[in-house]
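# A closer look at the structure
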Amino acid sequence: HKEIGTAGRGGFVAAGDNGLHNVQIRITATDLAATSAIMENHVVIPAGAVIEEIEVISETACTSGGSAALNIGLIRQDRSTTYDEDGLVAALALTAINAAGEKNVIRVGSTGAGALVGTTLANAGILVADYDTAAYTAGVLVIRVRYSRA
């Protein structure tokens, strides 16, 4: 795979199993805000990608003083035009990521699946993330997006 990344997030893009491509980033949950922000400038999911699944792995348990919910989406490559802020993962509950080692595989129809899952992207996108309801007080997540080419 090709290692890319900044800000210690360790992003990479790789050819995966069964013809799927993988994009992976690492997120420190306390870095998330209530408004979406780019998680890794150099990790781009191309136009024409079909979003097959997203894995959300709790490397370190996430905690919150409230009922934090995770959103992961895309912004266009101009870094200002929102594509869909929760198009990949929509309001994934804290209970899904509050123990180290928890792995959530999100596909079409899964709890937490955003509107872009199972669709073909019309535009390239950069990963963004935020929280709903309450801030995270701890936690590290590994996010893997698996896609095929239309």
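Please refer to the structure higher up on the page.
Overview of the structure. (Residues numbered from 1 in each chain as written. Predicted model: local features only at pLDDT ≥ 70, side-chain atom pairs only at ≥ 80, totals over all residues. Heavy atoms only, no water.)

### Topic: the overall build of the protein
Tallying secondary structure elements over the protein gives 0 helices and 11 strands in all. For the protein, the α and β elements follow one another from N to C terminus as β-β-β-β-β-β-β-β-β-β-β. In the protein, which comprises 150 residues, the proportion classed as buried is 48%. Within the protein, residue pairs in contact and separated by at least 24 positions form 77% of the contacts whose partners lie at least 6 positions apart. If you sum the accessible surface of the protein, you get close to 6500 Å²; carbon and sulfur atoms cover 47% of it. (Helix = DSSP H or I, 4+ residues; strand = E, 2+ residues; numbered from the N terminus. Buried < 20%, exposed > 50% of the residue type's maximum accessible area, 1.4 Å probe, protein only. Contact = heavy atoms within 4.5 Å. Areas by Shrake-Rupley, 256 points an atom, 1.4 Å probe, with all protein chains shown as cover.)

### As for the pattern of salt bridges
According to the stated counting rule, one finds 6 salt bridges in the structure shown. Residue E59 is joined to R26 by a salt bridge in which the shortest nitrogen-to-oxygen separation is 2.7 Å. Taken together, the residues E59 in strand β6 (residues 49–64) and R26 in strand β3 (residues 21–28) connect sequence positions 33 residues apart. In this structure, R146 engages E53 in a salt bridge whose closest nitrogen and oxygen atoms are separated by 3.1 Å. Placement of R146 in strand β11 (residues 136–149) and of E53 in strand β6 is noted, with a sequence separation of 93 residues between them. (Salt bridge = Lys/Arg side-chain N within 4 Å of Asp/Glu carboxyl O.)

### Some points on the pairing of strand β10 (residues 125–132)
Extensive coverage of β10 is indicated by the burial of 7 of its 8 residues. With 2 bridges connecting them, strand β4 (residues 37–38) and β10 associate as antiparallel partners. Paired with A37 across the strands is A129, a residue of β10. Where strand β5 (residues 44–45) and β10 come together, 2 bridges link them in antiparallel fashion. What sits directly across from I45, in β10, is G125. Note that strand β7 (residues 69–75) and β10 share 7 bridges and pair antiparallel. Each residue of the ladder has a partner; that of L70, found in β10, is Y131. (Pairing = 2+ DSSP bridges.)

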